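# Structure assessment
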There are 2 protein chains.
Amino acid sequence: MALKDAKAGRRNEAGIASVLGILKQSFGERFQTGQSFREQHAHTTTYIPSQLPDGVLFAESADDVKAAVKVCAEHKVPVIGFGTGSSLEGQVNAPNGGISIDFSRMNRVIEVNMEDLDCTVEPGVTREDLNTHLRDTGLFFPIDPGANASIGGMTATRASGTNAVRYGTMKDNVLSVTAVTANGEEIRTARRARKSSAGYDLTRLFVGSEGTLGILTSVTLRLQGIPQKIGGGVCAFPTVRAACDAVIMTIQMGVPVARIELLDALQIRACNAYSKLNYDEKPTLFVEFHGTDETVALQSAQFGEIAAECGGGAFAWTVNAEERNKLWKARHDAYWASRALAPEMAALSTDVCVPISRLADCIGETQADIEAHGLLAMIVGHAGDGNFHVLLLFDDKTEEGIAVAEGFVARLNKRALSMDGTCTGEHGIGQGKMAFLEEELGGAVDLMRQVKHALDPDNIFNPGKIFHSA
Amino acid sequence: MALKDAKAGRRNEAGIASVLGILKQSFGERFQTGQSFREQHAHTTTYIPSQLPDGVLFAESADDVKAAVKVCAEHKVPVIGFGTGSSLEGQVNAPNGGISIDFSRMNRVIEVNMEDLDCTVEPGVTREDLNTHLRDTGLFFPIDPGANASIGGMTATRASGTNAVRYGTMKDNVLSVTAVTANGEEIRTARRARKSSAGYDLTRLFVGSEGTLGILTSVTLRLQGIPQKIGGGVCAFPTVRAACDAVIMTIQMGVPVARIELLDALQIRACNAYSKLNYDEKPTLFVEFHGTDETVALQSAQFGEIAAECGGGAFAWTVNAEERNKLWKARHDAYWASRALAPEMAALSTDVCVPISRLADCIGETQADIEAHGLLAMIVGHAGDGNFHVLLLFDDKTEEGIAVAEGFVARLNKRALSMDGTCTGEHGIGQGKMAFLEEELGGAVDLMRQVKHALDPDNIFNPGKIFHSA
């Protein structure tokens, strides 16, 4: 029942034993080696089997991280960062064993600079905690990957989510990070200026590196002013293509939509049943606009015209917060709604991203594939980015069921790549997509290996992820 | 009269002689070694002395670049990319000699994908050529560094300019590049999807690497819809601080200003004289809004209120294209206007960038420095980003005059760094700012060196730039 890229690696047993002893002595109760702690720090939400670390350090400061990395580097033992465990491609697994560094106690908001619209946080701060902290400042952090992930984890996987179409992804919203590198020292990748041409963009190199180049100890983020007014609504379309046409036209006309999410007919059925709604069971766009009374009204009217032109149904929009929250709660509950369709089955959430001109093709062919193979799978897309998720319900109790899921994921990725797309828009490579990365970028993956080897010559940082090292 | 970081490096005479012979044979008239060609490909616009390459290849295809890089790699001879030569920190100099690859003949727009709002171009396409090409598509490429730079050069230096406050910098607008790496092979850093979490962000690693990691052979860019309406105007303020307060409030309130440029009183005087205008000789903001009739009117009104609240004078805005062009022509001619104040002197354009809360402090202290040292220097800022330029007029004929300029630049950079700023917002490091980069990022520069050494072990790509190699 093992995924081939998730096979156990070589364990440095002597090194691990030494590190366990040293860390236990240094950190006492803050370093745990019990089975339940280890299991909690390796769970995955796919068919990738869990691979447990040998111990878990509950770090409380950058000094803790430096001390742990120095010990692990000396003994050539893996170090794996752990935020909230919501990654989807096996990113927190420990195929070679080693130490998990848990950031739940490094959850301080270090500073908020209101005039500069930025803040610096420890990696364990979650996005909801951050927004609660910012509540009275008039500012918010926009990136919303769905899960209440940690900022460190979101940075490491280059996360995005529903409103990336307006506010960008983590790569656009991280100004700087501090990280402990392989020599156990802490570096800072950039100053707090909004832009810089000062040397290589190490910030963006760390964003999305999935913990393979060092361990983050703080992240400086751009913030946004809370919009004076938020409006949104729902519009059903006869086909996925009609909905995608409306998305393309919206983007092309420069309507600054904040969210534009596509749910396919089956997903709508699941949401109706789970959230007690009665939307038409058709491909549907959930949209949201951020601005003032005037601009929200203008943009909603513009979108309504576009939707009508593309054959969409009535577009009812509202600035009523309660109605809006109900709508977006249904969107955010899509995962649970889908699982409720077949509670006995396992669920796998995977994502790809294509140029938006190919989104209708890619979703259409994927739906045909789902039907042809008799699968149960729903599609939800961050349509403005050309990014969509498939939630596949499958049998993870048998080799055959897993093979069916793996086959589907492989076809989905090949399809996206054939359309000049990417094998992951926001989940990352982890262990689950290593083969597709090679197919996607070919020789460029060798450059990644060279960078990895230069910065982490002993391969201690999250080994066995993104690519197989040289 | 030499800058210490621009000292000549070690020349590999035997290798250079071999490469000259081979390239002459392979490329005939397309490879030039005459003095005038060599001089044209090494000019700088600072006090950094020119350092000529030994030959210039007029590349016509990626295959030409691959062939040249292979020969240079084999003989360990430097290769330096050349766009239009508008870089400001000695980026095209050849301290160790070697080959300049001129991209003026690689100036094809390879494809434009209207539905996806992207295009792929060869590196020699200039931003004005690109926008001329796009004229009938309803799309445009927004980054405007002032000069009619090449897209390859803008990518290599992570350029930005007047409307980065709205559209971002090159890092935000390059989707992917192809580049020839040290083994002479071409890699592609990403697919054409709008976002991706597939491995290390090699695209952003190449953006801003100043030709030190490989030679770009194509760039895929995001495009924007041409706004239905553009409005703009000018507003004078009693002090730099009052103008900066208006900028901060504009950004904080989320008014999506497309340009917000600060000119100090002396710069306004120069512009008045040069462009026959009669603006008040006070710190002045030039602003521009992109949108529809309604949104431009709304945003202009919002800005007018903010300006008044901060003590600004009348804000007259217009959507008349002729008036607007006159206004921005004056802004773009600021360099020539300044030089006309003292045509016998040399001019040095340098930039720093600070968090916008510190912009008034940084400019104020810089003006005090200019006055205290009896210098002639004007300040123009991309105020929305906290980025500003000083144009210093100085005597480049004497050691003393150059020392005065170097002293001023050093104080300016230290000041910006003391405010958590960067030594360059958009010009890059080149040869001119290497010492400041070390001060700015400390140990992080060692990571850059490690990346450089991994990807270019023989240091053939634009050696002697950004940092001294290990």
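Only a predicted model underlies this, so the values are computations on that prediction, with no experimental measurement involved.

## Structural notes on the packing of helix 10 (residues 265-275) of chain A against helix 13 (residues 334-341) of chain A
Residues and elements named next belong to chain A.
- Their axes nearest at 8 Å, the elements helix 10 and helix 13 cross at an angle of 90 degrees. Judged by the angle between their axes, helix 10 and helix 13 are roughly perpendicular. Taken together, the residues of helix 13 that come into contact with helix 10 (itself represented by Leu266, Gln267, Ala270, Cys271 and Tyr274) are Ala334, Trp336, Ala337, Ser338, Ala340 and Leu341.
- Looking at the contact of helix 10 with helix 13 residue by residue, the classes come out as 9 nonpolar, 2 polar and no charged.

## Some words on the packing of aromatic side chains
- Summed over all chains, the structure comprises 16 aromatic pairs over all chains.
- Ring centres 5.7 Å apart and planes at 90 degrees place the aromatic pair Phe140(B) and Tyr167(B) in the edge-to-face group. Pair noted here: Phe140(B) is in strand 7 (residues 139-140) and Tyr167(B) is in helix 6 (residues 164-167), with a separation of 27 residues, a long-range link.
- Measuring from ring centre to ring centre gives 5.8 Å for Tyr279(B) and Phe286(B), while their planes differ by 65 degrees; the resulting arrangement is edge-to-face.
- Relative accessible area serves as the criterion here: at 1%, Phe286(B) is assigned to the buried category.
- Within the aromatic cluster, the residues linked to one another by ring pairs are Tyr279(A), Phe286(A) and Trp328(A).
- Over the aromatic face of Trp328(A) sits the side chain of Arg259(A), whose NZ or CZ is 4.6 Å from the ring centroid.

## A short note on the packing of helix 14 (residues 359-372) of chain A against helix 15 (residues 399-418) of chain A
Residue and element names in this part refer to chain A.
- At a minimum axis distance of 10 Å, the contact between helix 14 and helix 15 shows a crossing angle of 155 degrees. When the axes of helix 14 and helix 15 are compared, the pair comes out roughly antiparallel. Crossing angle aside, the handedness with which helix 14 passes helix 15 is right-handed. Seen from helix 14, the contacting residues are Cys362, Glu365, Thr366, Asp369 and Ile370; seen from helix 15, they are Phe408, Arg411, Leu412, Arg415 and Ala416.

## Quick word on helix 4 (residues 127-134) of chain B
Residue and element names in this part refer to chain B.
- Buried within helix 4 we find Arg127, Leu130 and Leu134. All buried residues of helix 4 project into a common sector of 60 degrees when viewed along the axis, lining one side.
- Buried residues in helix 4 make contact with strand 5 (109-113), strand 6 (118-121), strand 7, helix 5 (151-157) and strand 10 (215-222).

## Points about the domain arrangement of chain A
Residues and elements named next belong to chain A.
- Here chain A is described as being made up of domain 1 (4-104), domain 2 (109-225), domain 3 (229-335) and domain 4 (342-444).
- With centres defined by C-alpha atoms, the gap from domain 1 to domain 2 works out at 23 Å.
- Taken residue by residue, the interface counts 14 residues in domain 1 and 20 residues in domain 2.
- When the two sides are added together, the surface that domain 1 and domain 2 hide from each other amounts to roughly 1,200 Å², 67% of it contributed by carbon and sulfur.
- In terms of surface lost to domain 2, no three residues of domain 1 exceed Lys66, Gln91 and Phe103, which account for 35% of the buried area on that side.
- Here domain 1 and domain 2 share 1 salt bridge between them.
- Across the pair Glu185 and Lys70 runs a salt bridge whose closest N-O atoms are separated by 3.3 Å.
- Across the contact surface, domain 1 and domain 2 share 2 residue pairs in polar contact (both at pLDDT 80 or more).
- Taken together, the elements giving at least two residues each to the side of domain 1 that touches domain 2 come down to helix 3 (62-75) and strand 3 (79-82).
- Grouping the amino acids of the side of domain 1 that touches domain 2 by side-chain chemistry returns 6 nonpolar, 5 polar and 3 charged.

## Notes on the interface of chain A and chain B
- Taken together, the 80 residues of chain A in the interface contact 80 residues of chain B.
- When the two sides are added together, the surface that chain A and chain B hide from each other amounts to roughly 6,600 Å², 59% of it contributed by carbon and sulfur.
- In terms of surface lost to chain B, no three residues of chain A exceed Arg191(A), Lys195(A) and Tyr200(A), which account for 15% of the buried area on that side.
- Connecting chain A to chain B are 10 salt bridges.
- Note that Asp420(A) is salt-bridged to Arg191(B), the shortest N-O span being 3.8 Å.
- Inspection of the chain A/chain B interface yields 40 residue pairs in polar contact (both at pLDDT 80 or more).
- For the side of chain A that touches chain B, the elements supplying multiple residues, two or more each, are helix 7 (170-173), strand 9 (186-188), helix 8 (202-206), helix 9 (240-252), helix 11 (293-309), helix 16 (434-441) and helix 17 (444-455) of chain A.
- A per-element tally of the side of chain A that touches chain B places helix 17 of chain A first, with 8 residues.
- Residues of the side of chain A that touches chain B, tallied by class, amount to 32 nonpolar, 28 polar and 20 charged.

## What to know about the relation of the copies chain A and chain B
- With an RMSD of 0.0 Å, the fit of chain A onto chain B corresponds to turning through 180 degrees and sliding 0.0 Å along the axis. The relationship between the two copies is best expressed as a two-fold rotation axis.
- Mapped onto chain B, 100% of the interface residues of chain A are again interface residues, and the two copies thus contact each other with one and the same surface.

## Structural notes on the UniProt feature "domain: FAD-binding PCMH-type" (unreviewed entry) in chain A
- When the UniProt feature table is mapped onto this chain, "domain: FAD-binding PCMH-type" (unreviewed entry) is found at residues 49-226 of chain A.
- The distance from the first to the last C-alpha atom of residues 49-226 of chain A is 41 Å, and the span holds 23% helix and 24% strand.

## Remarks on the environment of Val19(A)
Residue and element names in this part refer to chain A.
- One can find Val19 in helix 1 (residues 13-27).
- Spatially, the C-alpha atoms of Val19 and Gly211 are 19 Å apart, while their sequence positions differ by 192 residues.
- Discounting residues that sit within four places of it in the chain, Val19 has contacts with Val71, Cys72, His75, Val77 and Ile99.

## What to know about the pairing of strand 4 (residues 99-102) of chain B
All names here are of chain B.
- Residue alternation in strand 4 divides its side chains into two sets, Ile99 and Ile101 and Ser100 and Asp102, and both sets are buried.
- Here strand 3 (residues 79-82) pairs with strand 4 via 4 bridges, running parallel. In the strand pairing of strand 4, Val79 is matched with Ile99.

## Brief notes about unusual backbone geometry
- Even without glycine at this site, Leu117(A) takes up a positive phi of about 55 degrees.
- As for its placement among the helices and strands, Leu117(A) is situated in the loop between strand 5 (109-113) and strand 6 (118-121).
- Within the chain, Asn459(B) stands out as a residue other than glycine whose phi angle is a positive 55 degrees.
- When you line up the elements, Asn459(B) lands in the segment after helix 17 (444-455).

## Observations concerning the sheet that holds strand 5 of chain A
Residue and element names in this part refer to chain A.
- On the basis of which strands lie adjacent, the open sheet formed by 5 strands has the order 5-6-10-8-9 and antiparallel pairing. Each of the sheet's edge strands pairs with one partner strand only, and the pair in question is strand 5 and strand 9. Each adjacent strand pair in this sheet contributes to an overall mean axis angle of 15 degrees, direction not counted.
- Sheet topology note: the strand 6/strand 10 (residues 215-222) ladder contains 4 bridges and is antiparallel. Counted as the bridge partner of Val121 is Val219 from strand 10.

## Overview of the pairing of strand 4 (residues 99-102) of chain A
- Relative to strand 4 of chain A, strand 2 (residues 55-58) of chain A is paired through 4 bridges, and the arrangement is parallel. Looking at the pairing, Phe58(A) lines up with Asp102(A) of strand 4 of chain A.

## Describing the state of the cysteines
- In total, this model carries 0 disulfides over all chains according to the counting rule given.
- Among the cysteines around Cys271(A), which has no disulfide bond, Cys235(A) carries the closest sulfur, lying 16 Å off.
- Free of any disulfide, Cys244(B) has its nearest neighbouring cysteine sulfur in Cys362(B), separated by 10.0 Å.

## So, the pattern of salt bridges
Residues and elements named next belong to chain A.
- Following the criterion strictly, the structure yields 76 salt bridges over all chains and no others.
- With a closest N to O distance of 2.9 Å, Arg411 and Asp369 form a salt bridge. Taken together, the residues span a long stretch of sequence, with Arg411 in helix 15 and Asp369 in helix 14 at a distance of 42 residues.
- According to the relative accessible area criterion, Arg411 is partly exposed, its value standing at 28%.
- A relative accessible area of 6% places Asp369 in the buried class.

## Here's the deal with the side chain of His427(B)
- In this fold, His427(B) is placed in the loop between helix 15 (399-418) and helix 16 (434-441).
- When sequence neighbours within four positions are dropped, the list of residues in contact with His427(B) reads Ser197(A), Leu88(B), Glu89(B), Gln91(B), Thr157(B), Ser349(B), Thr350(B), Asp351(B) and His389(B).

## Some words on helix 3 of chain A
All names here are of chain A.
- For helix 3, with 14 residues, the first-to-last C-alpha span of 20 Å sits near the 20 Å given by 1.5 Å per residue.
- Listing the buried residues of helix 3 in full gives Ala62, Asp64, Val65, Ala68, Val69, Val71, Cys72 and Ala73.
- Immediately beyond the C-terminal end of helix 3, within one or two residues, lies Lys76, with a positive phi of roughly 55 degrees.

What counts as what
- Residue indices begin from 1 for each chain and proceed along its sequence in written order.
- As they are written, the chains are lettered A onward and the ligands numbered 1 onward, keeping that order.
- Since the coordinates come from a predicted model, pLDDT governs what is reported: local features require at least 70, and pairs of side-chain atoms require 80 or more to be given and counted, while whole-chain, interface and lining totals use all residues.
- Hydrogens and water are ignored here; the side-chain numbers use all heavy atoms of the structure.
- Axis definition: a line fit to C-alpha positions, over the contact stretch in the case of helices; interaxial angles, taken between N-to-C directions, run 0 to 180 degrees.
- Starting at the N terminus, helices and strands are each numbered in turn, a helix being any DSSP run of H or I of at least four residues and a strand any DSSP run of E of at least two.
- Roughly parallel here means an angle under 35 degrees, roughly antiparallel means over 145, roughly perpendicular means 65 to 115, and every remaining angle is called oblique.
- Here a residue-residue contact requires only that any non-hydrogen atoms of the pair lie within 4.5 Å.
- In this count, Pro and Cys sit with the nonpolar residues alongside Ala, Val, Leu, Ile, Met, Phe, Trp and Tyr, while Asp, Glu, Lys and Arg are called charged and the others, Gly among them, polar.
- Geometry of aromatic contacts follows a simple scheme: Phe, Tyr and Trp rings, the Trp one being its six-membered ring, pair when their centres are within 6.5 Å, and the pair is stacked under 30 degrees between planes, edge-to-face over 60, tilted otherwise.
- With a 1.4 Å probe rolled over the protein chains alone, any residue whose accessible area is under 20% of its type maximum counts as buried; one over 50% counts as exposed, and the rest are partly exposed.
- Ring-over charges, as used throughout, are those where CZ of Arg or NZ of Lys falls within 6 Å of the ring centre and within 35 degrees of the ring normal.
- Whether a crossing is left-handed or right-handed is set by the direction in which the near helix is turned from the far one by less than a right angle, anticlockwise for left-handed and clockwise for right-handed.
- By arc we mean the arc of the directions from the helix axis to the C-beta atoms, nothing more.
- Note: domain ranges come from an automatic or database domain assignment.
- Put simply, buried area is the surface a 1.4 Å probe can reach on two separate parts but cannot reach once they are joined, added for both.
- When a carboxyl oxygen of Asp or Glu is within 4 Å of a side-chain nitrogen of Lys or Arg, the pair counts as a salt bridge.
- N or O atoms within 3.5 Å of each other form a polar contact, as long as, within protein, one can give a hydrogen and the other can take it, and as long as residues adjacent in sequence are counted only when both atoms are side-chain atoms.
- Copy-to-copy superposition: least squares on the C-alpha atoms, limited to residues that have pLDDT of at least 70 in both copies.
- UniProt positions are given in the numbering used here, feature names are shortened, and annotations may be inferred rather than shown by experiment.
- Any two strands with at least two DSSP bridges between them are considered paired.
- Criterion for a disulfide: a pair of cysteine sulfur atoms at a distance within 2.5 Å.
- Given a helix with a known number of residues, its expected span is that number minus one, times 1.5 Å.

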